Amino acid sequence: MEQVIIIIAAVVVVAGGGGATVLLRSRRHAPPPPDLAQGPGQGGGVSTAEAPGAAGSAGTGLAGPGTAAPPGVTAPPGPAPGAPPAREAEKPPPSAGRLVRLRGRLARSQSALGGVLLGLLSRDHLDDETWDEIEETLITADMGVTPARQLVEELRTEVKVAGTRDTEEVRSLLKEQMLVQVGVDMDRSLHTRRHGDRPAVILVVGVNGTGKTTVCGKLARSLIGDGRSVLLGAADTFRAAAVDQLQTWGERVGAEVVRSDREGADPASVAFDAVNEGIERGVDVVIVDTAGRLHTKAGLMDELGKIKRVISRHATVDEVLLVLDATTGQNGLRQARVFAEVVDVTGIVLTKLDGTAKGGIVVAVQRELGVPVKLVGLGEGPDDLAPFEPDAFVDAIVGS
């Protein structure tokens, strides 16, 4: 088994009342990273942190590969004699075509919905009771009453006009109507282009437990695979585990991380410092992970609004991605409503879509917010976050 050798040099600097900023560089020799979806672990990469910049009221520091040690801080020695060479951060695959590659996984989890619908539509006699069953199946799949009723009405008309019970023809009609409900004409692109000398900024929001921090890491990995440089801002300062998890992602994929040295620091200040650092370093994209505590507390939602306002003072917030757990159904929709009142959500990330037969949530949440599902999580692997593609999604449900 390949050994793991860690050499660490650390300096602690106390500055005023802002707490201690840890200057840390570690060199690790390890096998390629395991699945990161469950949180931080051991792994490769070079990590450094340095004293905060001008906006360092939160006691923030930079951690990640490629950061030069500050004056007076001695760089750590190289690997021990005979140790294997340091590994570079793994080059992730590009994001294009991921949903197609993961289609089999999605099809297995959604087959119950498609199978029931096709079975009902293939009956010799389609009476009112059968159509009610079809509508109930769609509502049970979290599509929502109104879109389910619309789909059934349109499908009922199409089947009557075509006068067919052929499975393939019925499948084609079902696919056509589902695509209408999913929305093939919505703009699902992620806006990650730089604005002159300023990076694109992505704000990731959502309640705890939806996989928000993991989405930040996986999204950074995907963008780096597409050739972009990424900096991560750990503004979920009320959960030390979230900050550590994000830093571990940064080390794995080669993205620097701006974090506070103390738990409970002002999230808006950390976000501000992250964007400032992104500007100074000329990165393409800054991804900011935000606190995801109970969305029912008004003060915490105000805090989220403050983060966006502070960032907007010197950079453009290009995307506000709301992360929802696809298995939570109507509860997820309630979360979506609350977050949409605080920040202008531009896209939805549905996690755990592979673990539920309730794919109708895609339709329901888009109709609720009027914004598209842009990304879907289809597993726990580091490359299981995929751009949402309506055709591939519907094909996975009803078959092609």
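A few points about the overall build of the protein chain
Logical step 1: Within the protein chain one finds 12 helices and 12 strands.
Logical step 2: Carbon and sulfur atoms make up 52% of the accessible area of the protein chain, which amounts to about 16,700 Å² in all.

Regarding helix H11 (residues 361-369)
Logical step 1: For H11, the tally of buried residues reaches seven of nine residues, placing the bulk of the element in the interior.
Logical step 2: If you check which residues of H11 are buried, you get Ile361, Val362, Val363, Ala364, Val365, Gln366 and Leu369.
Logical step 3: Of the residues one or two after H11, glycine 370 is the one with positive phi, at around 75°.

Observations concerning the pairing of strand E7 (residues 256-260)
Logical step 1: Counting buried residues along E7, four of its five residues qualify, which places the element largely inside the surrounding structure.
Logical step 2: When strand E6 (residues 230-235) meets E7, the two strands line up parallel, connected through three bridges. The residue of E7 that forms the bridge with leucine 232 is valine 257.
Logical step 3: With helix H7 (residues 240-253) bridging E6 and the parallel E7, this β-α-β connection has right-handed handedness.

Looking at the packing of aromatic side chains
Logical step 1: In this structure the tally under the stated criterion is one aromatic pair.
Logical step 2: Each ring, one from phenylalanine 388 and one from phenylalanine 393, has its centre 5.2 Å from the other, and the planes form 55°; the classification is tilted. Exposure class is identical for phenylalanine 388 and phenylalanine 393. Each is buried.

Some details on unusual backbone geometry
Logical step 1: For aspartate 142, which is not glycine, the phi torsion reads 70° and is therefore positive.
Logical step 2: Assignment of secondary structure puts aspartate 142 in the loop between helix H3 (128-140) and helix H4 (145-162).
Logical step 3: Unusually for a residue other than glycine, lysine 352 sits at a positive phi of about 60°.
Logical step 4: Topologically, lysine 352 is positioned in the loop between strand E10 (347-351) and H11.

Brief notes about the packing of helix H5 (residues 167-182) against helix H12 (residues 390-398)
Logical step 1: Orientation of H5 relative to H12, taken along the N-to-C sense of each, is 135°, at an axis distance of 10 Å. Between H5 and H12, the crossing angle belongs to the class labelled oblique. Between H5 and H12 lies a crossing whose hand is right-handed. Contact residues: Arg171, Leu174, Lys175, Met178, Leu179 and Val182 in H5; Pro390, Asp391, Phe393, Val394, Asp395, Ile397 and Val398 in H12.
Logical step 2: Grouping the amino acids of the contact of H5 with H12 by side-chain chemistry returns nine nonpolar, no polar and four charged.

Some details on the environment of aspartate 354
Logical step 1: Along the chain, the position of aspartate 354 falls in the loop between E10 and H11.
Logical step 2: Look at aspartate 354 and you get partly exposed, because its relative accessible area is 26%.

Description of H5
Logical step 1: Helix length check: H5, at 16 residues, gives a terminal C-alpha distance of 22 Å against a target of 22 Å (1.5 Å per residue), a fit within 8%.
Logical step 2: Residues Val170, Arg171, Leu173, Leu174, Gln177, Met178, Leu179, Gln181 and Val182 constitute the buried set of H5.
Logical step 3: Count one or two residues on from H5 and you reach glycine 183, which has phi positive near 90°.

Section: the pattern of salt bridges
Logical step 1: A full pass over the atoms with the stated rule returns 18 salt bridges.
Logical step 2: Across the salt bridge formed by arginine 156 and aspartate 128, the nearest N and O atoms sit 2.3 Å from each other. Here arginine 156 is found in helix H4, whereas its partner aspartate 128 is found in helix H3, with 28 residues between them in sequence.
Logical step 3: With relative accessibility at 36%, the residue arginine 156 sits in the partly exposed group.
Logical step 4: Given a relative accessible area of 49%, aspartate 128 falls into the partly exposed group.
Logical step 5: Between arginine 171 and glutamate 168 there is a salt bridge, and its shortest N-O distance comes to 3.5 Å. With arginine 171 and glutamate 168 both in helix H5, this residue pair falls three residues apart, about one helical turn.

Observations regarding the pairing of E10
Two faces, one strand: in a regular strand the side chains alternate between the faces of the sheet.
Logical step 1: Most of E10 is tucked away, with five of its five residues classed as buried.
Logical step 2: The two faces of E10 match: Gly347, Val349 and Thr351 on one face and Ile348 and Leu350 on the other face are all buried.
Logical step 3: The pairing of strand E9 (residues 317-325) with E10 spans five bridges and is classified as parallel. Within E10, the residue paired with aspartate 325 across the bridge is threonine 351.
Logical step 4: Once you follow E9 into helix H10 (residues 330-342) and on to E10, the crossover reads as right-handed.
Logical step 5: In the sheet, E10 pairs with strand E11 (residues 373-377) via three bridges, with the strands oriented parallel. Residue pairing across strands places valine 349 opposite leucine 375, the latter belonging to E11.

A look at the nonpolar core
Logical step 1: Counting 71 residues, the largest nonpolar core has Leu174, Ile311, Leu322, Ile348 and Leu350 as the members making the most contacts within it.
Logical step 2: For leucine 174, the contacting residues outside a window of four places in its chain are Leu117, Leu118, Leu121, Leu151, Leu155 and Val398.
Logical step 3: Among the nonpolar cores identified, the runner-up in size contains 24 residues, and Leu219, Ala220, Leu223 and Val257 belong to it.

Procedures and definitions
- Residues numbered from 1 in each chain as written.
- Predicted model: local features only at pLDDT ≥ 70, side-chain atom pairs only at ≥ 80, totals over all residues.
- Heavy atoms only, no water.
- Helix = DSSP H or I, 4+ residues; strand = E, 2+ residues; numbered from the N terminus.
- Areas by Shrake-Rupley, 256 points an atom, 1.4 Å probe, with all protein chains shown as cover.
- Buried < 20%, exposed > 50% of the residue type's maximum accessible area, 1.4 Å probe, protein only.
- Pairing = 2+ DSSP bridges.
- Right-handed = clockwise from strand over helix to strand, strands pointing away.
- Phe/Tyr/Trp six-rings, centres within 6.5 Å; stacked < 30°, edge-to-face > 60°.
- Axes fitted to C-alpha atoms, helices over the stretch in contact; angles between N-to-C directions.
- Parallel < 35°, antiparallel > 145°, perpendicular 65-115°, else oblique.
- Left-handed = near helix turned anticlockwise from the far one by under 90°.
- Contact = heavy atoms within 4.5 Å.
- Nonpolar A, V, L, I, M, F, W, Y, C, P; charged D, E, K, R; others polar.
- Expected span 1.5 Å × (residues − 1).
- Salt bridge = Lys/Arg side-chain N within 4 Å of Asp/Glu carboxyl O.
- Core = buried A, V, L, I, M, F, W, Y, C linked by side-chain atoms within 4.5 Å.

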